[in-house]
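# Remarks on the overall topology
The residues making up each chain are set out below.
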Amino acid sequence: KSLQKFTGNAITNASSTNLLLKILAKAGGVACRVDGNQFKSMAKMTNPREPTLVLGIDVPHPSREERIKALKDAGMTPRNERSANQSVSDTSVAVTARVAATNLFKDLPYHLCPRSVVAVVGNTDVHLTKWGVSSRVQRIRQEETVNLIEPFKARIQEFHSKTGTLPKHIILFRNGVSDTQFKKALYEETQALERALE
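Residues numbered from 1 in each chain as written. Predicted model: local features only at pLDDT ≥ 70, side-chain atom pairs only at ≥ 80, totals over all residues. Heavy atoms only, no water.

The chain is annotated in an unreviewed UniProt entry as Piwi domain-containing protein of Pristionchus entomophagus.

See the structure below:
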């Protein structure tokens, strides 16, 4: 079936294009680059004399199925399982359910607890076309990241080893932080970045 999709014009064929993009990425090539002559901000960010490191942080959490499996493996009752995973429209009850789920998982031993993944991505070249990632696991439902110093160091060191220079500017993107968590995450993560730069 895949072979049949390659019939027709190879340039306009989506299957052949996707295959070539995957080969290009695995071979370390670059598929496209933003033209700095057309975008002044991009020209500044990709200036080789003052290179920019762009970092992105996200914390994906386990799916509902993973949470239910962890509760069953730990011998939790179906009643507790329902209270931890109920889906209701009332906001106050939904918050209570979230707290109940968090409390249930706090009681589980670490090796049985489903875990969230902290991922930090960063460009490894001056032109913002190649990217690397550092990831680690932490307890479920914990949006605040624990010990980001090592992932930050890894991204800075890889940028330095690939470009031969340290970044002059660092831009930090953060996903998944609520308004109530923002100030705490901002303080902790910028402190971790400063310590990684020491």
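### Here's the deal with a nonpolar patch on the surface
A cluster of nonpolar side chains, namely Phe 6, Leu 19, Leu 20 and Ile 23, defines an oily patch on the protein surface of about 370 Å² accessible area. Examined against the element boundaries, Phe 6 turns out to sit in the segment before helix H1 (14–26). (Patch = residues over 30% accessible without salt bridge, like charges linked within 9 Å, V, L, I, M, F, W, Y side chains within 5 Å. Areas by Shrake-Rupley, 256 points an atom, 1.4 Å probe, with all protein chains shown as cover. Salt bridge = Lys/Arg side-chain N within 4 Å of Asp/Glu carboxyl O. Helix = DSSP H or I, 4+ residues; strand = E, 2+ residues; numbered from the N terminus.)

### Examining unusual backbone geometry
A positive phi angle, close to 60 degrees, is found at Leu 128, a residue other than glycine. Its place among the elements puts Leu 128 in the loop between strand E2 (115–123) and strand E3 (131–139). Owing to a relative accessible area of 14%, Leu 128 belongs among the buried residues under this scheme. (Buried < 20%, exposed > 50% of the residue type's maximum accessible area, 1.4 Å probe, protein only.)

### Here we look at the packing of helix H6 (residues 149–163) against helix H7 (residues 179–196)
At a minimum axis separation of 8 Å, H6 and H7 run at an interaxial angle of 50 degrees. Judged on the interaxial angle alone, H7 and H6 are oblique. Handedness of the H6/H7 crossing: right-handed. Where H6 approaches H7, its residues Ile 149, Phe 152, Lys 153 and Ile 156 are matched on the opposing element by Glu 189, Ala 192, Leu 193, Arg 195 and Ala 196. Per-class residue counts for the contact of H6 with H7 are six nonpolar, no polar and three charged. (Axes fitted to C-alpha atoms, helices over the stretch in contact; angles between N-to-C directions. Parallel < 35°, antiparallel > 145°, perpendicular 65-115°, else oblique. Left-handed = near helix turned anticlockwise from the far one by under 90°. Contact = heavy atoms within 4.5 Å. Nonpolar A, V, L, I, M, F, W, Y, C, P; charged D, E, K, R; others polar.)

### A few points about the pairing of strand E1 (residues 52–58)
Where burial is concerned, most of E1 is hidden: six out of the seven residues are buried. As paired strands, E1 and strand E4 (residues 169–174) are joined by six bridges and run parallel to one another. Its bridge partner being in E4, Ile 57 is matched across the sheet by Arg 174. Relative to E2, E1 runs antiparallel, the two sharing four bridges. By the bridge assignment for E2, Gly 56 is matched with Val 121. (Pairing = 2+ DSSP bridges.)

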